[in-house]
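Structural overview
Below are the chains, spelled out letter by letter.
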Amino acid sequence: MNTQDIHIIIKTLGCKLNFSESAAIEQKLTAKGYCVSHDQEFGDIFIINTCAVTSMAEKKCKQILNHIKINNSHAKIALVGCFGALEQAKFCQHVDVIFGNKNKMQVVDWVEKITQNQAVVFEQTNDNTFFSSYSIHERTRSFLKIQDGCNYHCSYCTVCIARGESRSDTIENVLNNAKDIVNHNIKEIVLTGVNVGDFHTAKNEYFVDLLKQLIKIEGLQRIRISSIEPNLLTDEIIQLCVNEEKIVPHFHIPLQSGNNRILKLMRRRYPRELFAQKVEYIKAQIPHACIAADVIVGFPSETDTDFEDSYQFIQQCDINMLHVFPFSARPNTPAAEMDNQISSPTKKQRSLQLIQLSEQKKHAFYIENQGKIYPVLFEHKQDKGFIFGFTPNYIKVKTKYNESLINQIVDVKLEELDKQFIFHIKNI
């Protein structure tokens, strides 16, 4: 069968790391002549790159599987990634093959074998080597994987089980990948991994050393850090951002709780005071920096008093937006076995409170920046006649769709703020 006649659809759930790895799978398949898409309904082969962080990700995976079974009953299905690695027994009867994270890239060999009617035999591997990946199809930004796995073993998290121990790419390979991204006329790189701040090579090179090398790449205009733990966000990294325009002033720092008792139960490696110190230091050095934080509500035994303490801490902290998650009990984690699990209605109520606080903080941040001039990188997507883009400090803007603006960095003045917290730029 001609590879061009075989339509492969890749569905990706979860984090930016998964998107970079899906992109690597796509690149290998297209290089072999296969037709690959992400948003089509019908196909011959489906590859689902799964996430296991929350029960919602699990639910979405099951919905996708059911949809395929109803509408593409003839299709072959491969389940890859975290959820596939953790829950093989649940899905082995419902899909054709399952690959965990450590042998995820074998899905390419599987596609070749089944399309050529060859025998399919794969062994699960415990190999903990690093494989690199990066996306190039988004045109304006690329998710570049630099690190994988985690040694932190937080009490609620399955990622350390699904992805194994922390491991990193070499600086040389990251730089080569970054140069290839730039050669595709992509202006922004988002550094991704499970725990990017834990980047550490065999030559005793650390994350800050990688950043110092990346900023030297000619043609690379923006470097964005996807997420970094507060205990790994050093003053040296922050100072590098102060001194180097290429590293954008946008920090995504997981907090998870503003209450120290809960942080200890979560097995987080910092007290809330350290988080507050990092935020204060960033804002003192870069007042216009955007700081986002992840927060989990309804962790087992979180009392109303604990939540109120956390809420007050977050309210007083100079962060600009929140990513709020109700606690989701994941199998084989200590938190799932803890006493005093919190009810769904209580978790929902607490989530709504923090979401409202996040909206207030985001609105205040946008108002602080109103009237300022920033360089905006415009993206290729069009929605209702508008084209959208982001400032270095992650403020979203829109203007009337103009194809010539795609992948261009243009200085704009932030003036009119609409109801969706987007600056409407009328004259460019």
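Residues numbered from 1 in each chain as written. Predicted model: local features only at pLDDT ≥ 70, side-chain atom pairs only at ≥ 80, totals over all residues. Heavy atoms only, no water.

1. Focus: the sheet that holds strand β16 (residues 396-400)
Sheets are built from strands that pair by backbone hydrogen bonding, the pairs being arranged parallel or antiparallel. Inclusion rule: A pair of strands is labelled paired if DSSP reports no fewer than 2 bridges between them. By definition, any uninterrupted DSSP run of H or I lasting at least four residues is a helix, any uninterrupted run of E lasting at least two residues is a strand, and each is numbered from the N terminus.
Across the sheet, six strands lie side by side as β17-β14-β15-β16-β19-β18; this open sheet has mixed pairing. Strand pairing shows two members of the sheet lacking a second neighbour, β17 (409-413) and β18 (416-417), which therefore form its edges. Pairing geometry for strand β15 (residues 386-390) and β16, over five bridges, is antiparallel. In the sheet register, F388 faces β16, and the bridge partner there is K398.

2. Points about the packing of aromatic side chains
Quick reminder of the rule: Aromatic contacts are taken between Phe, Tyr and Trp rings whose centres are within 6.5 Å, Trp giving its six-membered ring; a plane angle under 30 degrees counts as stacked, one over 60 as edge-to-face, and the others as tilted. Only lysine NZ and arginine CZ atoms are considered, and such an atom sits over a ring when it is within 6 Å of the ring centre and within 35 degrees of the ring normal.
Scanning the entire structure with this criterion turns up seven aromatic pairs. Both rings, one in Y366 and one in F423, keep their centres 5.6 Å apart while their planes meet at 10°; by these two values the pair is stacked. In this pair, Y366 sits in helix α13 (residues 344-369) while F423 sits in strand β19 (residues 423-424), placing the two residues 57 residues apart along the sequence. Here the aromatic residues Y156, F299 and F327 are joined through ring pairs into a cluster of three or more. Positioned above the aromatic ring of Y152 is the side chain of R269, whose terminal nitrogen or guanidinium carbon lies 4.0 Å from the ring centre. Over the aromatic face of F386 sits the side chain of K398, whose NZ or CZ is 4.4 Å from the ring centroid.

3. Remarks on helix α5 (residues 106-115)
This is how the line gets drawn: Between buried and exposed lies partly exposed: a residue is buried under 20% and exposed over 50% of the maximum accessible area for its type, with that area taken using a 1.4 Å probe on protein chains only. Taking the helix axis as origin, the arc is that swept by the directions to the C-beta atoms. We call two residues in contact whenever any of their non-hydrogen atoms come within 4.5 Å of each other.
Taken residue by residue, α5 has V107, V108, W110, V111, I114 and T115 as its buried positions. Buried residues of α5, seen end-on, are gathered within an arc of 160° and therefore sit on one face of the element. Structurally, α5 contributes buried residues whose contacts are with β1 (7-12), α1 (16-31), β3 (45-50), β4 (76-81) and β5 (97-99). N117 sits one or two positions beyond α5 and adopts a positive phi of about 55°.

4. A closer look at the packing of helix α8 (residues 207-214) against helix α9 (residues 235-243)
When two helices pack together, their arrangement is given by the angle between the helix axes and the distance between those axes. The following threshold applies: Inter-axis angles, ranging from 0 to 180 degrees, are taken between N-to-C directions of lines fitted to C-alpha atoms, where helices are fitted over the stretch in contact. Each angle gets one of four labels, with under 35 degrees taken as roughly parallel, over 145 as roughly antiparallel, 65 to 115 as roughly perpendicular, and the rest as oblique. Crossing handedness is defined as follows: a turn of the near helix away from the far one that is anticlockwise and smaller than a right angle gives a left-handed crossing, while the clockwise case is right-handed. Polar here means any residue outside two lists: the nonpolar Ala, Val, Leu, Ile, Met, Phe, Trp, Tyr, Cys and Pro, and the charged Asp, Glu, Lys and Arg; Gly therefore counts as polar.
Contact geometry for α8 and α9: axes closest at 9 Å, N-to-C directions at 15°. Here α9 runs roughly parallel to α8, going by the angle between their axes. For α8 against α9, the interelement crossing comes out left-handed. Counting all contacts with α8, which are made through F207, V208, L211 and K212, the residues of α9 involved are E236, I237 and L240. Here the contact of α8 with α9 is composed, by residue class, of five nonpolar, no polar and two charged.

5. Structural notes on the pattern of salt bridges
Quick reminder of the rule: Put simply, a salt bridge is a Lys or Arg side-chain nitrogen that is within 4 Å of an Asp or Glu carboxyl oxygen.
Considering all chains together, one arrives at 22 salt bridges under this definition. In this structure, the salt-bridge partner of R141 is E188, at a minimum N-O distance of 3.3 Å. Of the two residues, R141 sits in strand β6 (residues 141-145) while E188 sits in strand β9 (residues 188-192), which places them 47 residues apart along the sequence. Residues R141 and E188 agree in their burial class; the two are buried. R224 is the partner of E188 in a salt bridge, and the nearest nitrogen-oxygen pair spans 2.8 Å. Residue E188 is found in strand β9, and its partner R224 is found in strand β10 (residues 222-225); the two are separated by 36 residues along the sequence. Take R224: its relative accessible area is 4%, and that puts it in the buried class.

6. Details of the sheet that holds β9
The three strands are arranged β6-β9-β10 in an open sheet whose pairing can be described as parallel. The sheet is open, and its two edges are formed by β6 and β10, each paired on a single side. Direction aside, neighbouring strands of the sheet carry axes that sit 25° apart on average. Examined bridge by bridge, β9 and β10 share four bridges and lie parallel to one another. Across the sheet, I189 pairs through a bridge with I223, a residue of β10. On the sheet, α8 packs against β9 and β10 and is oriented at approximately 160° with respect to β10.

7. Observations regarding α8
Taken residue by residue, α8 has F207, V208, L210, L211 and L214 as its buried positions. Buried positions in α8, seen along its axis, are confined to an arc of 155° and lie on one side of it. Against the buried residues of α8 lie α7 (171-183), β9, β10 and α9.

8. Comments concerning the packing of α9 against helix α11 (residues 272-285)
The contact between α9 and α11 brings their axes to 10 Å, and the two run at 20°. In terms of their interaxial angle, α9 and α11 are classed as roughly parallel. Along this stretch, α9 crosses α11, giving a crossing that reads as right-handed. Along its contact with α9, which presents D235, I238, Q239 and V242, the element α11 presents K278, Y281, I282 and Q285. Residues that form the contact of α9 with α11 fall into these classes: four nonpolar, two polar and two charged.

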